[in-house]
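Tertiary structure, described
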Amino acid sequence: MRTRLTDILEIDHPVMLAGMGGVSYHRLVTAVSEAGGFGCLGASTMSDDELDAEMAAVREATDKPYGVDLLTAAGDQTAKVERIIAAGATVYVAGLGVPREVIDLCHASGVLVMSMCGKVRHAVNAVEAGCDLVVAQGTEAGGHTGTVASNTLLPLIVDAVGDRVPVIAAGGIFDGRGLASALTMGADGIWVGTRFIATPEAHTTDGYKERIVGMAEDETTITRVYTGKTCRVARNSYTEAFEASGAQPEPFPMQFVKSMNDGANHLGAEGSPPDLDPDKEFWPVGQGAGGIDELVPAGVLVERFVDEAEAALARAQGALG
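In what follows, the accompanying structure is described. All figures in this text were calculated on a predicted structure; none of them were measured in a lab. Think of each chain on its own: its residues are numbered from 1, step by step along the sequence as written. With the structure being a predicted model, the display of local features is reserved for residues of pLDDT at least 70 and the display and counting of side-chain atom pairs for 80 or more, all residues being used for whole-chain, interface and lining totals. Only hydrogens and water are removed before side-chain values are computed, so all heavy atoms of the structure are retained for them.

What follows deals with the layout of surface pockets. Two kinds of site are reported from a 1 Å grid over the protein atoms alone, namely cavities, where a 1.4 Å probe fits but cannot get out, and pockets, open sets with protein on both sides within 12 Å along at least five of seven lines, and residues are called lining when an atom falls within 4 Å of a point. Grid points are joined across faces, edges and corners, and a volume is the space filled by probe spheres set on the points. In this structure, the second largest pocket occupies an estimated 180 Å³ of space. For the second largest pocket, the lining is made up of 14 residues, of which Ser150, Asn151, Gly171, Ile173 and Ser181 are closest to its centre. Of all the secondary-structure elements, those providing two or more residues to the lining of the second largest pocket are helix H7 (150-161), strand S8 (167-170) and helix H8 (176-184). Of the residues belonging to the lining of the second largest pocket, the class tally is seven nonpolar, six polar and one charged. In DSSP terms, a helix is any run of H or I states spanning at least four residues, a strand is any run of E spanning at least two, and both are numbered starting from the N terminus. In this classification, the charged set is Asp, Glu, Lys and Arg, the nonpolar set is Ala, Val, Leu, Ile, Met, Phe, Trp, Tyr, Cys and Pro, and all remaining amino acids, among them Gly, are polar.

With respect to the element layout, Thr139 can be found in the loop between strand S6 (133-137) and strand S7 (143-144). Thr139 sits in the buried class, given a relative accessible area of 13%. A polar contact is formed between the side chain of Thr139 and the backbone oxygen of Gly146, at a distance of 2.7 Å. It only takes one pair of heavy atoms within 4.5 Å for two residues to be counted as in contact. Leaving out residues up to four positions away in the same chain, Thr139 has contacts with Thr145, Gly146, Thr147, Val148, Ala149, Ile222 and Arg232. Summary of the burial criterion: residues with accessible area below 20% of their type's maximum are buried, those above 50% are exposed, and those between are partly exposed, where the area comes from a 1.4 Å probe applied to protein chains only. Throughout this description, a polar contact denotes any pair of N or O atoms lying within 3.5 Å of each other; where both atoms belong to protein, one of them has to be capable of donating a hydrogen while the other can accept it, and for residues adjacent in sequence the pair is counted only when both atoms sit in side chains.

Moving on, we come to the pairing of strand S11 (residues 231-234). As a general feature of sheets, a regular strand has side chains that alternate between the two faces. Should DSSP find at least two bridges between two strands, the strands are taken to pair. When S7 meets S11, the two strands line up antiparallel, connected through two bridges. The residue bridging His144 from the neighbouring strand is Cys231, located in S11.

Where burial is concerned, the two faces of S8 agree: the one with Val167 and Ala169 and the one with Ile168 and Ala170 are both buried. In this sheet, S8 lies alongside S6 in parallel orientation, the contact comprising four bridges. Its bridge partner lying in S8, Ala136 is registered against Ala169. Bridge count for S8 against strand S9 (residues 189-192) is three bridges, and the pairing is parallel. Across the sheet, Ala170 pairs through a bridge with Trp191, a residue of S9. A clockwise course of the path from the first strand over the helix to the second, judged with the strands pointing away from the viewer, identifies a crossover as right-handed. In this fold, the crossover linking S8 to S9 by way of H8 has right-handed handedness.

A few words on the nonpolar core. Throughout this description, the term nonpolar core refers to a set of buried Ala, Val, Leu, Ile, Met, Phe, Trp, Tyr and Cys residues connected via side-chain atoms within 4.5 Å. Within the largest apolar cluster, 89 residues are counted, with the highest numbers of intra-cluster contacts made by Val68, Tyr92, Trp191 and Phe196. The dominant element in this core, judged by the number of residues it contributes, is helix H13 (residues 298-318), at seven residues. Residues within four places of Phe196 in sequence aside, it is in contact with Val15, Met16, Leu17, Met20, Leu28, Val32, Ala202, Ala298, Leu301, Val302 and Phe305. Residues Val225, Cys231, Phe242 and Ala264 belong to the second largest nonpolar core, which totals nine residues.

Let's shift gears to the pattern of salt bridges. As a working rule, side chains carrying opposite charge can pair if their charged atoms are close by. What counts as a salt bridge is simple: a side-chain nitrogen of Lys or Arg found within 4 Å of a carboxyl oxygen of Asp or Glu. One pass over the structure, following the stated rule, counts eleven salt bridges. Across the salt bridge formed by Glu270 and Arg27, the nearest N and O atoms sit 2.6 Å from each other. One end of the pair, Glu270, is in the loop between helix H12 (254-261) and H13; the other, Arg27, is in helix H2 (residues 26-34), with 243 residues separating them in the sequence. Look at Glu270 and you get partly exposed, because its relative accessible area is 42%. Close ionic contact of Asp48 with Arg83 constitutes a salt bridge, the shortest N to O distance being 3.7 Å. With Asp48 in helix H3 (residues 48-61) and Arg83 in helix H4 (residues 78-87), this pair connects stretches of sequence that are 35 residues apart. On the basis of relative accessibility, which here comes to 32%, the residue Asp48 falls in the partly exposed class. Classification of Arg83 as partly exposed rests on a relative accessible area of 26%. What you see here is one network of salt bridges that share partners, running through Asp48, Asp52, Lys80 and Arg83.

Structure (structure tokens):
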């Protein structure tokens, strides 16, 4: 399955692992890249030393392309981007803003810049600033997300900037039908988060994967209680108490620190921290969790996405007679 995305990233399949902070570490990134997709480290919760170690672990395990995702809203990312370039990553993914201060730096070193977009104007601004790829992320997505649904947002962004850069679809995609749908609307590939959390390779606290496997599609909520920004997560007593109180969150990133101090945020930890409470914990989850009922190795998932997409496209073609 060849698209502009597979050509520009030099990969086999138009399936990208979302750079989920606290989840997308080297084991998951390597598994996706080795399977012919594109793995992306979620570095928003990593220290500089941890980022260096994770990038080294990826490069030790595979020579396939990979990227690194950081939050532009966390401040000037120049120092971290310099580390990314030195470590041989091929794509810098910017969340929560357009990283204008590092685009030229990346391009001078042959690194592509990708921007997460929840509105058409976000995509236009990103392309005009020099970003090479944009992700059209619908509100169904887990983690930091906007308010526009994928089936509306994706074709609008394709119409606005798809003639200039590849557009990648995100939000609520949990199997190959999502890839097929994205391609028919003009996308060049998909950016998948929640489905890859439910894999043996994902880096998570205990209970996170099992929560996803057991969820219905309506058991998520969008809240500011964990980070200060709108974030789709698994609904629990902590989110419900915050919404019922009418309290106002602190600005990002102070609210992130507050939720950590409350013992409700262990993002980046693995296993079972002593104060982990599943009914309080910060577990970003998309609405696609309703379609996930088992843990599947990440490499197998990449192949499934492609096989299922080909089958779905063949069924659609059959409708034309």
